Amino acid sequence: MADTHLPRLAFLGPLGTYSHQAAFNRFGRSVQYYERDTIANVFNALSDECPLALIPQENSLYGTVIETYDLFRSSCAGRDKFILGEVTQSIRHSLVVRKGTSLSGIKRILSHEQALGQCARFIEAHLPNASLVRVSSTAAAAVAISTSGEGACGDAAICSEHCASIFEGLEVLREGIQDDDSNITRFFVMSTSREREIPLQPATCPQHALLRIGSTVSPQKQLSVTDILVAIGLNVVRVDRRPLLGRQPFESYYFVELLDTRTDPAGADRAWKDGVEQGLIRLKDKGIDSVLLGIW
Ligand SMILES: O=C(O)C(=O)Cc1ccccc1
């Protein structure tokens, strides 16, 4: 039974997703799990009733989770939704079918876009003619096959092996089908408050920060990535770019992740936060809009 005193944590469901595995491995019984059916609904669930969420951010084989960065364009990101931590989860995909379906009988493969991408070589080699069907999560693909009866005989899901045992009528046809054995997804832990204590989070000094850079204050001046990086003046470890809608065509949001590489732990916590604050001030002084999406 759910312990209603524990904080709620939203995750991409249903049970059996990699998000669920990552959440449970990280938080165990310290939270109440609150399953949502899309990444957008996980993000939107963050509220007084649900102060925590786990959102997939990047995969080591297939790259950025675009849906997540698109959600970070919304004005509530960095205003009342913040990144306060990260979790990594190793991912091993299986090809799961209704019992009795053979490889040659598969006409469609259902999964989350990320999982389809992470298994592209297997699909090309073994199921080149199958149509790919994007669904909201890997476990949602398993549920669809499990509940569609005989109609799903030509369908396969790419999901965890575990899904074949939790949903009825399924079996694993192949396992370990990802393009490389080393397949890791990084998730962000998000909250509604910058100050919130994250359950079971080790008391280490923050080392990361994510900034969203909008456009320059002056519409005449095209935003240059060099200007951004020079103004920040801190160690940048990744930059993602997504369209900024509602302005000129091809205007962008840049998402800039910073990593503190200093090794001296003394006062590192305050020093890192101050360093990031100063970077934000330098951006502002150059007329560049920026929002701090999280520090962890
Ligand atoms: O669909 C899932 O299981 C998710 O948690 C999203 C996802 C999909 C594939 C790899 C990592 C995360």
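Residues numbered from 1 in each chain as written. Predicted model: local features only at pLDDT ≥ 70, side-chain atom pairs only at ≥ 80, totals over all residues.

1. Concerning the UniProt feature "domain: Prephenate dehydratase" (unreviewed entry) in the protein chain
Part 1 of the argument: With numbering matched to this structure, UniProt assigns "domain: Prephenate dehydratase" (unreviewed entry) to residues 8-192.
Part 2 of the argument: Segment residues 8-192 splits into 28% helix and 33% strand. End C-alpha atoms: 12 Å apart. (UniProt positions renumbered as here; feature names shortened; annotations may be inferred. Helix = DSSP H or I, 4+ residues; strand = E, 2+ residues; numbered from the N terminus.)

2. With respect to the domain arrangement of the protein chain
Accessible area lost upon the coming together of the parts serves often as the stated size of an interface.
Part 1 of the argument: Its domain assignment divides the protein chain into domain 1 (8-90 + 183-191), domain 2 (94-175) and domain 3 (208-295).
Part 2 of the argument: Relative to domain 3, the C-alpha centre of domain 1 lies at a distance of 22 Å.
Part 3 of the argument: Between domain 1 and domain 3, the contact holds 10 residues from the first and 10 residues from the second.
Part 4 of the argument: Mapped onto the side of domain 1 that touches domain 3, the elements with two or more residues apiece are helix H3 (66-71) and strand S5 (82-90).
Part 5 of the argument: Ranked by residues supplied to the side of domain 1 that touches domain 3, first place goes to S5 with three residues. (Domains from an automatic or database assignment. Contact = placed C-beta atoms within 7 Å.)

3. A few points about the sheet that holds strand S9 (residues 155-159)
Part 1 of the argument: If you trace the five strands from one edge of the open sheet to the other, you get S8-S7-S9-S6-S10, paired in mixed fashion. Pairing within the sheet leaves two strands with one partner each, and these edge strands are strand S8 (131-134) and strand S10 (170-175). Each neighbouring strand pair of the sheet contributes to a mean axis angle of 30°, computed without reference to strand direction.
Part 2 of the argument: Bridging between strand S6 (residues 94-98) and S9 involves four bridges; their strand directions are antiparallel. In the sheet register, Ser 94 faces S9, and the bridge partner there is Cys 159.
Part 3 of the argument: Packing of helix H6 (residues 138-147) onto the sheet brings it into contact with S6, strand S7 (108-111), S9 and S10, and relative to S9 it is tilted by some 150°. (Pairing = 2+ DSSP bridges. Axes fitted to C-alpha atoms, helices over the stretch in contact; angles between N-to-C directions.)

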